[in-house]
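Residues per chain, in single letters:
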Amino acid sequence: MKINDELKELSYLWKQRGVSIWQYRDGETFLLAEWTEIPQPPLLSQQLQVCFEKGIEFTQKEGFCIFIYEQWGIAFYGKEVIDVEEFKRSIPHIKLWLKLLVPLSEQKIQEQSFQSLIRVAHTIVSSIQNEKILDLILETAIQTIPVADTGFLFLYDEKIKKLTVQAAVGFRKESYMFTRLAPGEGISGRVFLTKKPACISGSENIQSAMENMSPMNRKYYLDSTIYSSYPVSVMSVPLNYQNQCIGVLTIDNFLQKASFSEEHLQLLQAFADLSAVVIQHSKLFHQVHRQNQELSMIHQALSKEHESLQRTVDFHNQLTNIAAKGYGMEEILATLYRSVGVKVAVYDKLLVPLSGYPKMADFSLPDQFLMHPSMKLVNKTRKWQRVDLDENETMIVIPVIGAERLLGYLCAWISQEEFIDIGKLIFEYSATMLALDWIKKEAVRESLEHLKGQFVEEILGREINNQLIEQAHILGFNQEDYYFVTLIENEEKQKENHHLWKPKFYNWLEQHGLNGLNVRKGKNEVVIISFPEHFPINRRTNLLRKFIDVSKQWGKLKIGIGRIQKGLNRIKKSFTDAQQCMELFKMYNLQQSVLYFGNLGVIRFFLQHDREELQSFMEEYLGPLIEYEHKKNKGLLSTLLAYVHHEKDIGKITKDLNIHYNTLYYRLNKIKKILGYSFDQSENWLNVRLACQIYLFLENRKE
């Protein structure tokens, strides 16, 4: 008779509609067989587990009742109430056929274990690419064996010859992470050494098995435990792969009273054998994956390097072509901008902007930029540096070096992301081309300066000849144009500020479409400006006035300006005018910065006569007073000079000399008496005024 028929007969015997047989083993409840006409009552398995754990022999619930006999449990489904005493008397008669269920129980457990192993295998094999595969293996092992609650997964490290913890559940990481087990040390070390599984029950037995652990490893273990010092039961199995042990899987039971069974150990070993294969294949997979990533990175790097190299070669060819055509800084920057797509500019070593691209961009630099640490490194090492301006903007500064000296700086504004992508070779080659163009222009400029200097020396020292006229034509000067000369003396103490006026001067020339030059001659800068012959006098005069006004804004300079003269042969005359203006600066210690010869008035005539002639005129009209003043020193001469200077204004004179009106009248009468003539006659007044001015002029020239 089949088991279902027997269960059906048993159910009908007790007037029930269903019956099931259960077995309690290793803390778990297993269904062995069932026959029923109705669905299994809810919560039946949970109630059976409670009865087994608490030793309840009988319980009656709505819709079912449970009888517990040793490790067996019989559950009836139905509304009919069973007589408990009568059922107990019948139990000896059903012992024999209950024993028939033992093989069925073993088969059922094996089937469940096999099904559990199949599920576990599917889980871990499908996760072989997971970087946390070791954690997954340990967690799955603990979930597969219900009695387990904690565990370790050790792998053998060939470099240090020790087992190290690669995964753990239910232990403190800050303690166990330092554990290093030697082969044969503790339970896990012994399993690794012998390659044989071990199952130990009882805390004392487990503690004894761990006696040979090193003091440090024992401390790490005890510090890492959460529930108690030693577990109730331990299972440890080797992770064997191709006849080699690669690690150990150890699981514990801290919280439940039940111990691990032989079936649990067999199941864990089967799981470990599968896990060892998965671990090795996972290592191989990740190794191949890393190699593929490295190969991909190498390929990308090579592609990027090839692209960068190709771009550099193309850029090199473009700049070479630019140089061959004689183009300069502007075209170099435009080509660089088209290549890298970022704002670029060139500055001289004082950070004066020379050129930039795109044209409408803002090329201003932060204050005290030369004092930035990166700029100090640029000047010290003569190598490019990265300057972070803010969170989003970065500048690359490349020094422009020519003839072993710093000429200026090439600057590029980029974002943080662009910094890696832009080839530094392109910037360095651009700086080299800029230096070559810079040196070439300097050579041309020096040659032109030499020609200018030679021209100025000859135009001021020789008569006009055909060679000088030809030199003038080279410099853009025509023989019949109008010219005026300016002399400039710089009062700035710092050398780097000496020539700040020059860009302003040339900008003014360009603004008004004029030609001019400047050269160094002695302590002064000589400036020659020409007006075309067809310019009418009012236009020439207006431009001269504008030049006088703008030159007053050029800083701490002393500027002497000669009159406009027509023709190359008259440049020398304008130069003499400018020289006399510079002499007047020294003679009178003038505070003004610009002196135009045309505004000197009567002093111009003094400058055209020799000292002896001027001295004679002055003594003729002031001699007696000067002689008297030398003897008496009564302040009469200073009174006369103030009287002339203030044009007979009594109020201003008394205030200037700080004297009373009566004193002034007394002195004036005394002066007239000494000189022997009155100031009422216009001729006498004119002569005495002229004599006073000559006196001041000659006194200042003594210095």
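Heads up: the structure comes first, above all this text.
Overview of the structure. (Residues numbered from 1 in each chain as written. Predicted model: local features only at pLDDT ≥ 70, side-chain atom pairs only at ≥ 80, totals over all residues. Heavy atoms only, no water.)

Comments concerning helix H22 (residues 650-657)
If you check which residues of H22 are buried, you get Ile650, Ile653 and Thr654. Angular distribution of buried residues about the axis of H22 spans 95 degrees; they occupy a single face of the element. Turned more than 90 degrees from where H22 packs its buried face, Lys652 and Lys655 sit exposed. Among the structural elements, helix H21 (636-645) and helix H23 (661-675) are those in contact with the buried residues of H22. Capping the start of H22 is the job of one residue whose side-chain oxygen sits 3.2 Å from the backbone nitrogen of Gly651: Asp649. Directly after H22, the chain includes Asn658, whose backbone phi takes a positive value near 60 degrees. (Buried < 20%, exposed > 50% of the residue type's maximum accessible area, 1.4 Å probe, protein only. Helix = DSSP H or I, 4+ residues; strand = E, 2+ residues; numbered from the N terminus. Arc of directions from axis to C-beta. Contact = heavy atoms within 4.5 Å. Polar contact = N/O pair within 3.5 Å; in protein donor to acceptor, adjacent residues only side chain to side chain.)

A closer look at the side chain of Ser355
Checked against the element boundaries, Ser355 lands in strand S13 (residues 353-357). Taking relative accessible area as the criterion, Ser355 reaches 8% and is therefore assigned buried. Among the polar contacts made by the side chain of Ser355, one reaches the side chain of Glu330 at a distance of 2.8 Å. Once you skip the residues sitting within four places of it in the chain, Ser355 turns out to touch Met329, Glu330, Leu333, Ala345 and Val346.

Re unusual backbone geometry
In this chain, Tyr357 is followed by Pro358 through a cis amide linkage whose omega measures 0 degrees. Tracing the backbone shows Pro358 in the loop between S13 and helix H12 (373-381). Positive phi is not limited to glycine here, since Lys161 has a value of about 60 degrees. Take Lys161: it is sitting in the loop between strand S6 (150-157) and strand S7 (162-169). Exposure remark for Lys161: the relative accessible area of 44% places this residue in the partly exposed category. For Asn243, which is not a glycine, the phi torsion comes out positive at approximately 60 degrees. Checked against the element boundaries, Asn243 lands in the loop between strand S10 (233-241) and strand S11 (244-253).

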